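# Summary of structural features
For reference, the chains in residue letters:
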Amino acid sequence: MEMHDLCAIAARESRCVLATAVKVEGHAYRKQGVSMLLTEEGTMYGSISPGCLESDLQARVVRVLNSQQLEFVEYDMRPEDDLSWGETIGCGGLIIVLLEPVCGKLRSIMSDMQTYFQSGSIVELTRSFYDQYTRIHYQTKVAEDAESQTFSRLSLVNIHPFESKVVTSDVEENYPQRVGLSEVNRWDIPLQITAKYAPKPRLIIVGAGNDVIPVARLGNSAGFRVVVADWRETLCTAERFPGVALVRGFPREIMPVLDIQSGDYIVLMSHQFPREREFLELLEDRNYAYLGIMGSRTRTARLLNELPPLKHLHSPVGLTIGADGPEEIAVSIAAELIACKRAAAAAERRNVQRGIRHATDGHRASGG
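An unreviewed UniProt entry lists the chain under the name XdhC family protein, from Paenibacillus vandeheii.

Written as structure tokens, this is what we have:
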């Protein structure tokens, strides 16, 4: 569960705390920058560990909500002879977690972030600490260049205060009590932390047959914003695809509505040869991240006959795992989507390290 999910959940949870791993050293289950939500009623959304820290974090929620004070918590599991965490501990590193009551300015910030995520924007959230970590200043910055939306990793970096030029939210929160300054200094927590969050990539499935249902479900679970497009209104329904965006119409009608972007993932599963051919012809001059086509290589070859080479083509769609039946095929498709998404993120990280602003291509064609 990522920040775009947590922002949506925070909008409906009246009393909750945002927990963020602001420092990670050594081996840990999740990376630095990961967040989760904990509610007053005991519900947890997301995770920071395999389950060994969450109960302790949950025990602090009521105090954080009642005091309206942020809190830093240390979990040091590096000493091999330290048995205080019991036999079920799944980590071996140092984790510093920041607990923030989701109220006032932070709630407003998360609401704004959710709006930006829904529009496909990358958001940077900057926390600046003042007065011995008792006052916090929030800033959000939206990425200016739409092409940078292929960036999909979460990072924490130190930057100069107020370096961001495009500020969409700029608010401050005061906390009444002092957080332990000596411990925060000992942990070397910076006075300013910036986290970059990418929106969910969009998965467009052309077709609304029965075999699409598990693909849409797994796509949602795998962190995609799923859109199902079909001209058959009896199939393309909210009852069959709950929580999924629906676009109804023939290819020439839906293409302007879909407005395909460079970060989109597309899967053709309509099993209707003429309609898929029409869709591919309209796709010719557009940029996208992934194109998967259901069917045999022979069928795909006929489908692509006399068309210019298509980018990022995966056919037959899905990883080769010996899948049999709709559910297993859906697993193979979801696995390939995840692999391509992670490859794009890894390529972006490598390019950022080399000083290249944007990734060129995170995917390789499989099959033909």
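Having seen the model, we can carry on.
### Concerning the sheet that holds strand 2 (residues 35–39)
If you walk across this open sheet you meet the five strands as 3-2-1-5-4, and the pairing is antiparallel. Edge positions in the sheet fall to strand 3 (44–45) and strand 4 (71–76), since each has one partner strand and no second. Inspection of the sheet shows strand 1 (residues 16–25) paired to strand 2 by five bridges, in the antiparallel sense. By the bridge assignment for strand 2, leucine 18 is matched with leucine 37.

### Focus: the packing of helix 8 (residues 273–283) against helix 9 (residues 297–304)
The contact between helix 8 and helix 9 brings their axes to 9 Å, and the two run at 55°. Here helix 9 runs oblique to helix 8, going by the angle between their axes. For the pair helix 8 and helix 9, the sense of crossing is right-handed. Here Phe273, Glu276, Arg277 and Leu280 of helix 8 come into contact with helix 9, specifically with Arg299, Arg302, Leu303 and Leu304. Split into classes, the residues belonging to the contact of helix 8 with helix 9 amount to four nonpolar, no polar and four charged.

### Remarks on helix 4 (residues 104–118)
With 15 residues, helix 4 extends 22 Å from end C-alpha to end C-alpha; this agrees with the ideal 21 Å at 1.5 Å per step. Considered for burial, the residues of helix 4 that qualify are Leu106, Ile109, Met110, Met113, Gln114, Tyr116 and Phe117. Looking down the long axis of helix 4, one finds its buried residues gathered within 160° of arc, a one-sided arrangement. Looking at the residues trailing helix 4, positive phi occurs at glycine 120, about 85°.

### Some points on the packing of aromatic side chains
Under the counting rule described, the total for this entry stands at four aromatic pairs. Ring geometry for phenylalanine 224 versus tyrosine 265: centroids 5.2 Å apart, planes at 75°, classification edge-to-face. Linking phenylalanine 224 in the loop between helix 6 (212–221) and strand 12 (225–230) with tyrosine 265 in strand 14 (residues 265–268), this pair joins segments that are 41 residues apart in sequence. Each residue in the set Phe224, Tyr265 and Tyr290 is aromatic and connected to the rest through ring pairs, giving one cluster. Between arginine 232 and the ring centre of tryptophan 231, over which it is positioned, the NZ or CZ distance is 4.9 Å.

### Re the side chain of arginine 202
Secondary-structure assignment places arginine 202 in strand 11 (residues 202–206). Side-chain polar atoms of arginine 202 contact the side chain of aspartate 264, separated by 2.6 Å.

### Some thoughts on the nonpolar core
The biggest cluster of nonpolar side chains holds 34 residues, and the ones touching the most others in it are Met3, Leu37, Phe72 and Met113. Listing elements by their share of this core, those giving two or more residues are helix 1 (3–10), strand 1, strand 5 (94–101), helix 4, strand 6 (123–130), strand 7 (135–142) and strand 10 (192–197). Looking at which element gives the most residues to this core, the answer is helix 4, with six residues. Other than its neighbours up to four places away in sequence, leucine 37 contacts Leu6, Ile9, Ala10, Cys16, Val17, Leu18, Thr43, Met44, Tyr45 and Val102. One finds Leu203, Val244, Ile333 and Leu337 within the second-largest nonpolar core, a separate group that totals 24 residues.

### Observations regarding the pattern of salt bridges
Taken as a whole, this structure holds 16 salt bridges when the rule is applied. With a shortest N-O distance of 2.7 Å, glutamate 40 and arginine 15 are connected by a salt bridge. With glutamate 40 in the loop between strand 2 and strand 3 and arginine 15 in the loop between helix 1 and strand 1, the pair connects residues that are 25 residues apart, well separated along the chain. Note on glutamate 40: relative accessible area 30%, which makes it partly exposed. The shortest N-O distance in the salt bridge between arginine 277 and glutamate 281 comes to 3.1 Å. Taken together, the positions of arginine 277 and glutamate 281, both in helix 8 and four residues apart, correspond to about one turn of that helix. The network of salt bridges with shared partners includes Asp56, Arg60, Arg63 and Glu71.

### Thoughts on the environment of aspartate 211
Note that aspartate 211 resides in the loop between strand 11 and helix 6. For the pair formed by aspartate 211 and isoleucine 329, sequence separation is 118 residues and the distance between their alpha carbons is 8.6 Å. Within the structure, aspartate 211 has its side chain in polar contact with the side chain of histidine 271 (distance 2.8 Å).

### Description of the environment of leucine 235
Examined against the element boundaries, leucine 235 turns out to sit in the loop between strand 12 and strand 13 (245–248). Once the C-alpha coordinates of leucine 235 and glycine 209 are considered, the two residues, 26 residues apart in sequence, prove to be 6.6 Å apart. Here leucine 235 is in contact with Ala208, Arg240 and Phe241, once residues within four sequence places are set aside.

### Thoughts on the sheet that holds strand 12
Spatial ordering of the open sheet is given by 13-12-11-14-15-16, a layout of six strands whose pairing is parallel. A strand with exactly one partner marks an edge of an open sheet, and here the two such strands are strand 13 and strand 16 (313–314). Where strand 11 meets strand 14, four bridges bridge the pair, whose relative direction is parallel. Residue pairing for strand 14: leucine 203 is matched across the bridge by tyrosine 265. Each of strand 11 and strand 12 touches helix 6; the most contacted strand, strand 12, lies at about 155° to it.

Conventions adopted
Residues numbered from 1 in each chain as written. Predicted model: local features only at pLDDT ≥ 70, side-chain atom pairs only at ≥ 80, totals over all residues. Heavy atoms only, no water. Pairing = 2+ DSSP bridges. Helix = DSSP H or I, 4+ residues; strand = E, 2+ residues; numbered from the N terminus. Axes fitted to C-alpha atoms, helices over the stretch in contact; angles between N-to-C directions. Parallel < 35°, antiparallel > 145°, perpendicular 65-115°, else oblique. Left-handed = near helix turned anticlockwise from the far one by under 90°. Contact = heavy atoms within 4.5 Å. Nonpolar A, V, L, I, M, F, W, Y, C, P; charged D, E, K, R; others polar. Expected span 1.5 Å × (residues − 1). Buried < 20%, exposed > 50% of the residue type's maximum accessible area, 1.4 Å probe, protein only. Arc of directions from axis to C-beta. Phe/Tyr/Trp six-rings, centres within 6.5 Å; stacked < 30°, edge-to-face > 60°. Lys NZ or Arg CZ within 6 Å of the ring centre and 35° of its normal. Polar contact = N/O pair within 3.5 Å; in protein donor to acceptor, adjacent residues only side chain to side chain. Core = buried A, V, L, I, M, F, W, Y, C linked by side-chain atoms within 4.5 Å. Salt bridge = Lys/Arg side-chain N within 4 Å of Asp/Glu carboxyl O.

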